[in-house]
Amino acid sequence: MNYDECLKVLREKSEILHKGALEICVKPVPETDEPGAVDPREAHWFRVKPTGPNIKDPANLTPAEIHAIRTGMGCVSVDLSHGVSTDIRVITTEAGDLPILIYTPTKGETPKPAVVYIHGGGFFGGTARVIENACKELADRANAVVVSVDYDLAPDHKFPYQVNQCYQTVRWTHAHAAELGIDPEKIAVSGDSAGGNLSAACCIMDKEKLIKLQLLLYPAAFNLSEEEIGWSLDEYDLRENAEIKMDFINDIRNMTPYTSSLYVTNADQIHDPLFSVGEAEDYSCFPTTLIAVGEYDYLRIQDELFGQKLAEAGIQVRFIRYKGMAHAFWEHTGEFPQAEQCTEEMARMIRAL
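Only a predicted model underlies this, so the values are computations on that prediction, with no experimental measurement involved.

What about the overall build of the chain?
Tallying secondary structure elements over the chain gives 12 helices and 10 strands in all. Computed over C-alpha atoms, the radius of gyration of the chain comes to 19 Å, within 12% of the 20 Å expected from 2.2 N^0.38 for 353 residues, which places it in the range of a compact globule. Based on the C-alpha atoms only, the size of the chain along its principal axes is roughly 55 × 45 × 40 Å. Per-residue burial for the chain yields a buried fraction of 57% across its 353 residues. Accessible surface, the chain as shown: approximately 14400 Å² in total, 49% of it carbon and sulfur. For the chain, the distance from the average position of its 32 positive side-chain charges to the average position of its 54 negative side-chain charges is 4 Å.

Focus: the sheet that holds strand β10 (residues 317–322)
Either a parallel or an antiparallel arrangement is found when strands of a sheet pair, and the pairing is made through backbone hydrogen bonds. Sheet architecture is open: 10 strands sit in the order β1-β2-β10-β9-β8-β7-β5-β6-β4-β3, paired in mixed fashion. This sheet does not close on itself; its edge strands, each paired only once, are β1 (15–19) and β3 (84–93). The sheet shows a mean angle of 20 degrees between the axes of neighbouring strands, direction not considered. Relative to strand β4 (residues 96–105), helix α4 (residues 132–142) is tilted by about 50 degrees, and along the sheet it contacts β3, β4, β5 (112–118) and β6 (145–149).

Examining the packing of helix α2 (residues 40–48) against helix α9 (residues 242–253)
At a minimum axis distance of 10 Å, the contact between α2 and α9 shows a crossing angle of 70 degrees. Comparing the axis directions of α2 and α9 gives the class roughly perpendicular. When α2 is examined against α9, the residues Glu-42, Ala-43 and Phe-46 are found in contact with a partner set consisting of Ile-244, Asp-247, Phe-248 and Asp-251.

So, helix α7 (residues 194–205)
Taking 1.5 Å of rise per residue, the 12 residues of α7 would be expected to cover 16 Å, and the 16 Å separating its terminal C-alpha atoms lies within 8% of that figure. Within α7, 11 of the 12 residues are buried, which leaves the element mostly enclosed by the surrounding structure. Among all positions of α7, only Ala-194, Gly-195, Gly-196, Asn-197, Leu-198, Ser-199, Ala-200, Ala-201, Cys-202, Cys-203 and Ile-204 are buried. As for α7, its buried residues are in contact with β5, α5 (161–175), β7 (182–192), β8 (211–217) and α10 (256–263).

As for the pairing of β5
Remark: a regular strand shows side chains that alternate across the two faces of the sheet. Counting buried positions along β5 yields 7 of 7 residues, so the element is predominantly enclosed. As judged from the 6 bridges shared by β5 and β7, these two strands associate in the parallel manner. Among the inter-strand pairings, Tyr-117 is bridged to a residue of β7, identified as Ser-190. Bridge count for β5 against β6 is 5 bridges, and the pairing is parallel. Considered in β6, the bridge of Ile-118 is made with Val-149. Between the parallel elements β5 and β6, the chain passes through α4 in a crossover that is right-handed.

Details of the pattern of salt bridges
Tallied over the full model, the rule gives 25 salt bridges. The salt bridge involving Arg-41 is made with Glu-31; its shortest N-O contact spans 2.7 Å. Here Arg-41, found in helix α2, pairs with Glu-31, found in the loop between β2 (22–27) and α2; they are 10 residues apart in sequence, far enough to count as distant. The buried category is assigned to Arg-41, whose relative accessible area is 17%. Taking relative accessible area as the criterion, Glu-31 reaches 34% and is therefore assigned partly exposed. Of the charged contacts in the structure, one is a salt bridge between Glu-345 and Arg-318, with a shortest N-O distance of 3.1 Å.

A look at unusual backbone geometry
Backbone torsion omega between Thr-110 and Pro-111 reads 5 degrees, so that peptide bond is classified as cis. Examined against the element boundaries, Pro-111 turns out to sit in the loop between β4 and β5. Here Phe-159 and Pro-160 are connected by a cis peptide whose omega angle stands at 5 degrees. Of note, Pro-160 is situated in the loop between β6 and α5. Backbone geometry at Phe-123 places phi at a positive 75 degrees, although glycine is not the residue there. Tracing the backbone through its elements, the reader meets Phe-123 in the loop between β5 and α4. For Tyr-218, which is not a glycine, the phi torsion comes out positive at approximately 35 degrees. Mapped onto the secondary structure, Tyr-218 falls in the loop between β8 and α8 (226–229).

Some thoughts on the environment of Val-90
Inspection of the secondary structure assignment puts Val-90 in strand β3. By relative accessible area, which is 61% here, Val-90 ends up exposed. Ignoring sequence-local partners within four residues, the contact set of Val-90 consists of Asp-97, Leu-98 and Pro-99.

Here's the deal with the packing of α4 against helix α12 (residues 337–351)
Look at α4 against α12: their axes get within 8 Å of each other, and the N-to-C directions meet at 45 degrees. Classed by the angle they form, the pair α4 and α12 counts as oblique. Crossing of α4 against α12: the hand is right-handed. Contacts between α4 and α12 involve Glu-137, Leu-138, Arg-141 and Ala-142 on the former and, on the latter, Glu-340, Thr-343, Glu-344, Met-346, Ala-347, Ile-350 and Arg-351. Its residues assigned to classes, the contact of α4 with α12 comprises 5 nonpolar, 1 polar and 5 charged.

About the criteria used
Residues numbered from 1 in each chain as written. Predicted model: local features only at pLDDT ≥ 70, side-chain atom pairs only at ≥ 80, totals over all residues. Heavy atoms only, no water. Helix = DSSP H or I, 4+ residues; strand = E, 2+ residues; numbered from the N terminus. Rg over C-alpha atoms; globule rule 2.2 N^0.38 Å. Buried < 20%, exposed > 50% of the residue type's maximum accessible area, 1.4 Å probe, protein only. Areas by Shrake-Rupley, 256 points an atom, 1.4 Å probe, with all protein chains shown as cover. Lys, Arg positive; Asp, Glu negative; His and termini not counted. Charge placed at Lys NZ, Arg CZ, Asp CG, Glu CD. Pairing = 2+ DSSP bridges. Axes fitted to C-alpha atoms, helices over the stretch in contact; angles between N-to-C directions. Contact = heavy atoms within 4.5 Å. Parallel < 35°, antiparallel > 145°, perpendicular 65-115°, else oblique. Expected span 1.5 Å × (residues − 1). Right-handed = clockwise from strand over helix to strand, strands pointing away. Salt bridge = Lys/Arg side-chain N within 4 Å of Asp/Glu carboxyl O. Left-handed = near helix turned anticlockwise from the far one by under 90°. Nonpolar A, V, L, I, M, F, W, Y, C, P; charged D, E, K, R; others polar.

Shown next as structure tokens:
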């Protein structure tokens, strides 16, 4: 089955599951309806991607280990966009100066919606360039201006510095709406992994209600123990291809201990809602939400818990589980059809603003 055929299946086929108050739209592995199947493109990526360093002490990473982990992040992707301009700027905010990349469709109606996009990387890695092609495609599909934030990384900058930088970028985008050709009443935040966490944290900070939509890709939602989250291997179908599935799961599970140690300064911050966003006291701060996650992502269980809590609070939630997939699939634009189909889902909700 070629790429376009796979994309057609993902567009047309799905099933609905319910987990408490949450409705989960389950997208298939395009080539098969077999339960517990692994997506062949994802499996190939895990077989050929660079292996990370041998970490001696996860609570005390050395600079060399941090550099090695950062170097292994990201992947090759394809620019599927048409007619999207790129503007690189350094903006001045209350959280300091920081670089942003602005992707603007050269056609389509103006003013346009805006998306402040926040990249992932465990708070200590990643760059806006890693997800550049994905952001350009999102701008094209949604006819939206995408403002991608290249925030400062841990451990040189600690929590909540990054949260403040990202939210100040939201405020900057709103204040410069006329210049950017955007509608200030149609601002969304979006991010993957740690960027999804920072996006949700922006919504908690957003007392002005500037943010009308959040689009979260496999976000880090809770900084709780596996027992508190209800995480268990029993939640995953491991009957076939258990080894590669455990590689999928452990890719993020093994990173969790040092992510927190690099990001926060002290134990008092572990359960701060701006870090453990699922522990927000009042869920009314969150707007309409999309959450997308792979079936074999370590974060899936906590994302489903977060989705349930949002739904129980009366927040409109579109939750999508991509079968056979692992973490960080969205950055594989043009390689994984799931990435493109997810962009279509995001664009649809942005246009609905």
